[in-house]
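Examination of the molecular architecture
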Amino acid sequence: MRSSLMYKSWPIFAACAVCLLLSAYTYVMHSSAAIIRGATAATHEGAKMRAEFQLSSNNDNYNDSAASSPPARRINTNGISGDHAESFPAQQQSNKSVVLARLDDEIFDLDDVGFPPKPLTIEEVRLCDREMQPFLKGSMYSCPDPTCLKCNKADQNRKRKLIEVLRSEERMKKRISMIKTKFKPKSAVTVMTVNTGQIHLFLNWVCSCERHGIEVRDSTLMVPTDRNAANIIERNNFTILPLDWITELGFTIDAKYEGADQAGWNPHMQGHSDINSVTVIVANDLVQNDYTLLLHDVDIVWQIDPRDWLRDAAIQRDCLAMFAPRWDSLGVANSGFVWMVANKRTKIFMQTLENLLPVKGISDQQLWNALLRHHKFRQIGFRVLPLLQFQLLYDHTLRKWNQIKDKAIVVHGVSHRKTYRLAKANLWFFDEKCSAYTKDLVPCGGDFMAPSCKI
């Protein structure tokens, strides 16, 4: 009888269970909505408070940035996206608008989004760890030791000596004092390192800027690595890093350059490695002292001043780099042209990059890309620059140069036979029309098309 009663009553039990489930579901949904509304309100209120604090304490920090903003930009004025956003013409943007547009740099602590709170050491980065780092074709980080420290020790000692000499307390004070004296606070500074072997390429860049009416002397820091190069640069009225550190190294940085062959081999690779290591150290100085960095190879010409374009493109981004169209360990960033905004992320990134110099090997570009790909630095706002405006001058580019030359802002003479390619594209400006011209410094006797002219 009891089983018969239970059998007849099961629809009632089922209905009650459904009612209980619906009640529980409704309660959870209402509670979740309330939590989300509260969290959203708290986030917006926190953003507003931080913006007001930032505005009151740093009201003058963004005057230059506001003036250089694009003609019209959608800027969020109350921490909420969508229909509440308003558009401000560049000349009418208030400081508050610019502060709010850049709140992403201030709202979160670095470790809230997985970014390292301090610069990493060689041991912490573990560049040679096959389980943690992507091992791409051509990678030099193939040491069995995950930290890379047990391999190539001779080069490690060389790079450690460069850091030790350039980072001595007295020399650092003088260098930072010179930078702050020569360049306006928080301005963009172009940094190039050069030896006598490539001085003609630097002078061609100078002449390209002169030909197109672009002033660069007041915003360029040159780092010569031999006395002859320093004399030539000073003669052309550029700010140079004093050469007093060279004599303390205990070794000589190669002053020659013969050009690479088609396989990429250059007998002066060690000198190139030393030079790009010095570049990273000086570039780090600028970022740590709140300058925007334009890291720049000497084999480049400007057809238009790229700095306003880069300044606009870097809003809410940390790093822009010219494209390296390759999918191995040397891509996709070309370290010969890098625009980097100074902020708390890039300061940690650049100091980590310097810390890794002892295990860098020959290629600085490989190190840049390895760190940009590193899982600890995926929060860096990195973008590749558009190839049409920031051109690479390969042989295949030359074949269609007439079709694309007018669209290029900057042209980079990458790979081998740089002078030949620049001349072939009518981008050789180091001639009698330029105030920097010195006949004795023209390579190959001016016969750039000769097969023997590899530079």
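Before any of the text, the structure's been laid out above.
Right, let's walk through the structure included here. (Residues numbered from 1 in each chain as written. Predicted model: local features only at pLDDT ≥ 70, side-chain atom pairs only at ≥ 80, totals over all residues. Heavy atoms only, no water.)

**Digging into the nonpolar core**
- Counting residues in each nonpolar core, the largest one holds 118 residues, and the members touching the most others are Phe 202, Trp 245, Trp 302 and Phe 337.
- If sequence neighbours within four positions are ignored, Phe 202 has contacts with Met 192, Val 194, Met 222, Ile 233, Phe 238 and Val 298. (Core = buried A, V, L, I, M, F, W, Y, C linked by side-chain atoms within 4.5 Å. Buried < 20%, exposed > 50% of the residue type's maximum accessible area, 1.4 Å probe, protein only. Contact = heavy atoms within 4.5 Å.)

**Focus: the pattern of salt bridges**
- Under the defined criterion, the tally for this structure stands at 21 salt bridges.
- Across the salt bridge formed by Lys 159 and Asp 155, the nearest N and O atoms sit 2.6 Å from each other. Remark: Asp 155 and Lys 159 occur in helix 5 (residues 153–166); sequence separation between them is four residues, near one turn of the helix.
- Between Asp 305 and Arg 307 there is a salt bridge, with its nearest N and O atoms 2.8 Å apart.
- Classification of Asp 305 by relative accessible area gives partly exposed; the value is 29%.
- For Arg 307, a relative accessible area of 10% puts it in the buried group.
- It is possible to trace a salt-bridge network through shared partners that takes in Asp 155, Arg 158, Lys 159 and Asp 274. (Salt bridge = Lys/Arg side-chain N within 4 Å of Asp/Glu carboxyl O. Helix = DSSP H or I, 4+ residues; strand = E, 2+ residues; numbered from the N terminus.)

**Notes on helix 5**
- Its 14 residues give helix 5 an end-to-end C-alpha distance of 20 Å, which sits within 8% of 20 Å, the value for a rise of 1.5 Å per residue.
- Within helix 5, burial applies to Asp 155, Gln 156, Arg 158, Lys 159, Leu 162, Ile 163, Val 165 and Leu 166.
- Contacts made by the buried residues of helix 5 are with helix 6 (169–182), helix 9 (269–288) and helix 11 (344–355). (Expected span 1.5 Å × (residues − 1).)

**Things to note about the packing of helix 6 against helix 9**
- Interaxial distance between helix 6 and helix 9 falls to 11 Å at its minimum, and their mutual angle equals 60°. By the angle between their axes, helix 6 is oblique relative to helix 9. Here helix 6 and helix 9 pass one another in a crossing that is right-handed. Side by side, helix 6 and helix 9 meet where Arg 175, Ile 176 and Ile 179 of the first sit next to Ile 281, Asp 285 and Leu 286 of the second. (Axes fitted to C-alpha atoms, helices over the stretch in contact; angles between N-to-C directions. Parallel < 35°, antiparallel > 145°, perpendicular 65-115°, else oblique. Left-handed = near helix turned anticlockwise from the far one by under 90°.)

**Let's talk about the state of the cysteines**
- Enumeration according to the criterion identifies four disulfides in this entry.
- Cys 128 shares a disulfide with Cys 148; S-S distance 2.0 Å. Here the disulfide of Cys 128 and Cys 148 is right-handed, its torsion about the S-S bond being about 110°. Of this pair, Cys 128 sits in the loop between helix 4 (122–125) and helix 5 while Cys 148 sits in the loop between helix 4 and helix 5, and the two are 20 residues apart along the sequence.
- Overall, Cys 148 belongs to the buried group, its relative accessible area being 5%.
- Between the sulfur of Cys 444 and that of Cys 453 lies a disulfide, 2.0 Å long from S to S. Its S-S torsion of approximately 85° makes the covalent link between Cys 444 and Cys 453 right-handed.
- Judged by relative accessible area, Cys 444 falls into the partly exposed class, the value being 33%.
- Cys 453 gets classed as buried once you look at its relative accessible area, which sits at 1%.
- Ordering the disulfide-forming cysteines of the chain by sequence position, one finds them joined as 1-3, 2-4, 5-6, 7-8.
- Sulfur of Cys 209: no disulfide; nearest cysteine sulfur belongs to Cys 207 and is 9.2 Å away. (Disulfide = S-S within 2.5 Å.)

Coordinates in, geometry out; function isn't part of it.
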